[in-house]
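Listed below are the residues making up each chain.
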Amino acid sequence: LNGGPLCGKGEYPAAIACHLTSPTTTSSINYNNPVMKTQTRITEETDNGEHIPFVTAVADGTVLGYKYFRFEQLSGVTLTVRGSFNGTVTVSTDIEGSANAVSTAVSVNSTEWTKVQLNAPALTGDYPLYLHFSGEGNLDIQTITLG
């Protein structure tokens, strides 16, 4: 995306995720498969002529990964979300969710885009960032903001 790590501060579209898996992720793209319409995926909608990309159908077992960020001092992560979800989001620096892992209880019930604050590990240097979702319901995620 950037010829090197992205700045570890600021707002990014959630759709720039380089890793996107969930329990419903299929191994191939087949638009005739009805699962394609329900699995975690990147999509977009139009608002006043502007195309807004987002990740949809984020649910229990979903992992979103972003590589790489250059952090001067990560203090938190904010997601712009909508949907209904009650559970935990773990921010970590590995796909397994164990390295530098910090979890936050999340409860969302909104049809409008709203902000959710997540705790994050204190990071300085170049790291990937993974978001692990565990709970009930599902979310759409429009942006990820690093602070």
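In what follows, the accompanying structure is described. (Residues numbered from 1 in each chain as written. Predicted model: local features only at pLDDT ≥ 70, side-chain atom pairs only at ≥ 80, totals over all residues. Heavy atoms only, no water.)

Considerations on the overall build of the protein chain
Here's step 1: Assigned secondary structure in the protein chain consists of zero helices and nine strands.
Here's step 2: A compact globule built from 147 residues would reach a C-alpha radius of gyration of about 15 Å, and the protein chain, at 15 Å, matches this within 12%.
Here's step 3: Along the longest, intermediate and shortest principal axes, the C-alpha atoms of the protein chain span 45 × 30 × 30 Å.
Here's step 4: Taken together, the 7 basic and 13 acidic charged side chains of the protein chain have centroids lying 3 Å from each other. (Helix = DSSP H or I, 4+ residues; strand = E, 2+ residues; numbered from the N terminus. Rg over C-alpha atoms; globule rule 2.2 N^0.38 Å. Lys, Arg positive; Asp, Glu negative; His and termini not counted. Charge placed at Lys NZ, Arg CZ, Asp CG, Glu CD.)

Concerning the side chain of Gln 142
Here's step 1: Examined against the element boundaries, Gln 142 turns out to sit in strand 9 (residues 125-146).
Here's step 2: A residue is classified by how much of its surface remains accessible, and Gln 142, at 16% relative accessible area, is buried.
Here's step 3: Once residues lying within four places of it in the same chain are set aside, the contact partners of Gln 142 are Tyr 12, Pro 13, Ala 14, Ile 52, Pro 53, Phe 54, Thr 80 and Trp 113. (Buried < 20%, exposed > 50% of the residue type's maximum accessible area, 1.4 Å probe, protein only. Contact = heavy atoms within 4.5 Å.)

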